[in-house]
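What follows is each chain in one-letter form.
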Amino acid sequence: MRIKTAPLGELGTNFYIVTDDTSKKAFVVDPADDGEIAAWLIEDTGCELSYIIITHAHADHIGALDYLKKRFPDAKIVTHAL
């Protein structure tokens, strides 16, 4: 398992990509607010995006959510019910 982080957007929000080299699956945490760069970073891993995990709904943490969902339509969105 590998974990990459990248500060994205004006606020430098930490965006995390967790990949598994064996299954070639990945999930991301808090896609920040720069969808194009986030998508490039995901595609650069060579893994299939399975999940987009949202820790909370501040704009700087979910700004790229719509973009990533359109780019990776099979990825499931996960967040706390509250």
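Up top is the structure these notes are about.
Criteria and thresholds
Residues numbered from 1 in each chain as written. Predicted model: local features only at pLDDT ≥ 70, side-chain atom pairs only at ≥ 80, totals over all residues. Heavy atoms only, no water. Helix = DSSP H or I, 4+ residues; strand = E, 2+ residues; numbered from the N terminus. Buried < 20%, exposed > 50% of the residue type's maximum accessible area, 1.4 Å probe, protein only. Lys, Arg positive; Asp, Glu negative; His and termini not counted. Salt bridge = Lys/Arg side-chain N within 4 Å of Asp/Glu carboxyl O. Polar contact = N/O pair within 3.5 Å; in protein donor to acceptor, adjacent residues only side chain to side chain. Contact = heavy atoms within 4.5 Å. Patch = residues over 30% accessible without salt bridge, like charges linked within 9 Å, V, L, I, M, F, W, Y side chains within 5 Å. Areas by Shrake-Rupley, 256 points an atom, 1.4 Å probe, with all protein chains shown as cover. Pairing = 2+ DSSP bridges. Axes fitted to C-alpha atoms, helices over the stretch in contact; angles between N-to-C directions.

Colleague: Where do I start with the side chain of Asp60 in this structure?
Modeller: Relative to the helices and strands, Asp60 resides in helix α2 (residues 59–62). Despite its burial, Asp60 pairs with no opposite charge; the closest candidate is Lys70, at 20 Å N-O. A polar side-chain atom of Asp60 sits 2.9 Å from a polar atom in the side chain of Thr13. In this view, Asp60 contacts Leu11, Thr13, Ala32 and Asp33; residues no more than four positions away in its chain are not counted.

Colleague: Please explain a nonpolar patch on the surface as it appears in this structure.
Modeller: A cluster of nonpolar side chains, namely Met1, Ile3 and Tyr16, defines an oily patch on the protein surface of about 360 Å² accessible area. Of note, Ile3 is situated in strand β1 (residues 2–8).

Colleague: Whenever I open this one, the pattern of salt bridges confuses me. Can you help?
Modeller: Oppositely charged side chains may form a pair once their charged atoms are brought near each other. Counted under the stated rule, the structure contains 4 salt bridges. Of the charged contacts in the structure, one is a salt bridge between Asp21 and Arg2, with a shortest N-O distance of 2.7 Å. Within this pair, whereas Asp21 is found in the loop between β2 (13–20) and β3 (25–29), its partner Arg2 is found in strand β1, the two being separated by 19 residues in sequence. On the basis of relative accessible area, Asp21 is assigned to the partly exposed category, the value being 35%.

Colleague: What's the story with the sheet that holds β1 in this structure? I'm lost.
Modeller: Strand pairs in the sheet, formed through backbone hydrogen bonds, run parallel or antiparallel to each other. Strand order in the open sheet formed by 5 strands is β1-β2-β3-β4-β5, with mixed pairing between adjacent strands. At either end of the open sheet lies a strand with only one pairing partner, and these are β1 and β5 (76–79). Adjacent strand axes in the sheet meet at a mean angle of 20° when their direction is disregarded. In the sheet, β3 pairs with strand β4 (residues 48–54) via 5 bridges, with the strands oriented parallel. Residue pairing across strands places Val28 opposite Ile52, the latter belonging to β4.

Colleague: In this structure, what is going on with the environment of Ala75? I would like to understand it.
Modeller: If you trace the backbone, Ala75 turns up in the loop between α3 (65–71) and β5. The sequence separation of Ala75 and Ile37 amounts to 38 residues, and the corresponding C-alpha distance is 17 Å. In contact with Ala75, not counting residues within four places along its chain, are Leu49, Ser50, Tyr51, Ile52 and Lys69.

Colleague: Mind showing me how you'd approach the side chain of Asp30 here?
Modeller: Looking at where Asp30 falls in the secondary structure, it is placed in the loop between β3 and α1 (35–44). The side chain of Asp30 sits in the buried core without any salt bridge; Lys69 is the nearest counter-charge, 16 Å away. Contacts of Asp30, omitting those with residues within four sequence positions, involve Asn14, Phe15, Ile53, Ile54, Thr55, His56 and His61.

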